[in-house]
Amino acid sequence: LHLLLNQFWGWSTLHAPVLVQLGAGKIADTSVEKLKDLLWGQKKQAVLSPLSSLNEAAKGVQTLHSHLVGGNLSVLQTTLGTFWQIEGEDCIVFLEDLQEPGYRLDRMLQHMLQAGVFDAADAILFGDFDQCVEKDGSVITEQVLQTFADTCYIPVFRCQGVGHGTINEPLPLGVDGMLTPNMLQCLL
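The rules behind these values
- Residues numbered from 1 in each chain as written.
- Predicted model: local features only at pLDDT ≥ 70, side-chain atom pairs only at ≥ 80, totals over all residues.
- Heavy atoms only, no water.
- Helix = DSSP H or I, 4+ residues; strand = E, 2+ residues; numbered from the N terminus.
- Rg over C-alpha atoms; globule rule 2.2 N^0.38 Å.
- Buried < 20%, exposed > 50% of the residue type's maximum accessible area, 1.4 Å probe, protein only.
- Contact = heavy atoms within 4.5 Å.
- Areas by Shrake-Rupley, 256 points an atom, 1.4 Å probe, with all protein chains shown as cover.
- Lys, Arg positive; Asp, Glu negative; His and termini not counted.
- Charge placed at Lys NZ, Arg CZ, Asp CG, Glu CD.
- 1 Å grid on protein atoms, 1.4 Å probe; cavity = no way out; pocket = protein on both sides within 12 Å on 5 of 7 lines; lining within 4 Å.
- Points joined across faces, edges and corners; volume = space filled by probe spheres on them.
- Nonpolar A, V, L, I, M, F, W, Y, C, P; charged D, E, K, R; others polar.
- Patch = residues over 30% accessible without salt bridge, like charges linked within 9 Å, V, L, I, M, F, W, Y side chains within 5 Å.
- Salt bridge = Lys/Arg side-chain N within 4 Å of Asp/Glu carboxyl O.
- Pairing = 2+ DSSP bridges.
- Arc of directions from axis to C-beta.

### Section: the overall build of the protein
Counting its regular elements, the protein contains seven helices and 10 strands. Taking 16 Å as the expected radius of gyration for a compact globule of 188 residues, we find that the protein reaches 16 Å, a close match to that expectation. With respect to the principal axes defined by its C-alpha atoms, the protein has extents near 40 × 40 × 35 Å. Considering the protein as a whole, with its 188 residues, one finds that 49% of them fall into the buried category. Of the contacts formed within the protein by residues at least 6 apart in sequence, a portion of 79% connects residues at least 24 apart. Accessible surface, the protein: about 9,500 Å² in total, of which carbon and sulfur atoms supply 55%. Distance between charge centroids for the protein: 7 Å, based on 10 positive and 21 negative side chains.

### A word on the layout of surface pockets
Estimates place the volume of the largest pocket at around 220 Å³. Taken together, 14 residues form the lining of the largest pocket, with Leu-1, His-2, Leu-3, Val-75 and Leu-76 sitting closest to its centre. Mapped by element, the contributors of at least two residues to the lining of the largest pocket are helix H1 (2–8), strand E4 (64–72) and helix H5 (73–77). Its residues placed into classes, the lining of the largest pocket shows seven nonpolar, six polar and one charged.

### Describing unusual backbone geometry
The amide bond that connects Ser-49 to the next residue, Pro-50, takes the cis arrangement and shows omega of 0 degrees. In this fold, Pro-50 is placed in the loop between strand E2 (45–48) and strand E3 (51–53).

### Observations concerning a nonpolar patch on the surface
On the surface, a nonpolar cluster with roughly 880 Å² of combined accessible area is contributed by Leu-1, Leu-4, Phe-8, Trp-9, Trp-11, Phe-83 and Trp-84. Of note, Trp-9 is situated in the loop between H1 and strand E1 (13–15).

### Section: the environment of Leu-171
Inspection of the secondary structure puts Leu-171 in strand E8 (residues 171–173). Judged by its relative accessible area of 1%, Leu-171 is buried. Distance from Leu-171 to Lys-34, taken between C-alpha atoms, is 9.9 Å for residues 137 residues apart in sequence. Residues contacting Leu-171, with those up to four places away along its chain left out, are Thr-13, Leu-14, His-15, Leu-48, Leu-68, Phe-94, Val-162, Leu-184 and Cys-186.

### Thoughts on the pairing of E4
Counting buried residues in E4 gives seven out of nine residues, a clear majority hidden from the surface. Bridging between E4 and strand E9 (residues 175–180) involves five bridges; their strand directions are antiparallel. Bridge pairing links Leu-68 to Val-175 in E9. Sheet topology note: the E4/strand E5 (residues 91–98) ladder contains six bridges and is parallel.

### Observations concerning helix H3 (residues 29–39)
Of the positions making up H3, those classed as buried are Ser-31, Leu-35 and Leu-38. Each buried residue of H3 lies within a common arc of 65 degrees when the element is viewed along its axis, so the set occupies one face. Pointing more than 90 degrees away from the buried face of H3 are the exposed residues Asp-29 and Thr-30. Elements in contact with the buried residues of H3: E1, helix H2 (19–23) and E2.

Shown next as structure tokens:
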């Protein structure tokens, strides 16, 4: 839905906790308050901080003004080859996921790379990859993301607290943002 509303109708959307999570009390109060502030117009911007730089290209960024698109990696990967395929050109592509083991994350990222999603993107921003556990109980998510970032020629950043966890900060998509080495600021 994010892609349809962002790319075809030009609407902005919020990547945020869903009603099931909110109703069950599974989201931290701080995240709920930030969501309310955005929905009720108390705040006109969302700020993610701190960010970490995952590759050399990211370390060279001073300030980047770009459009923000993205969402759940496994859902976005299924759009490849369709008329609603994610368009990363001149954008910061935000990606997160839930319950995907490392080999699947790697496969999806490589598929998007080979499909050209990142060819003209301004940057990639990884959010949370919650409960991404291997069959043996190990977690290799950070190694997978870092290995992918090391192969990218565009800046790759990481933020915490945007995905499916208890801390789930609202992130506007389909809006312009300003990215610095430590922060992403999105205006509504």
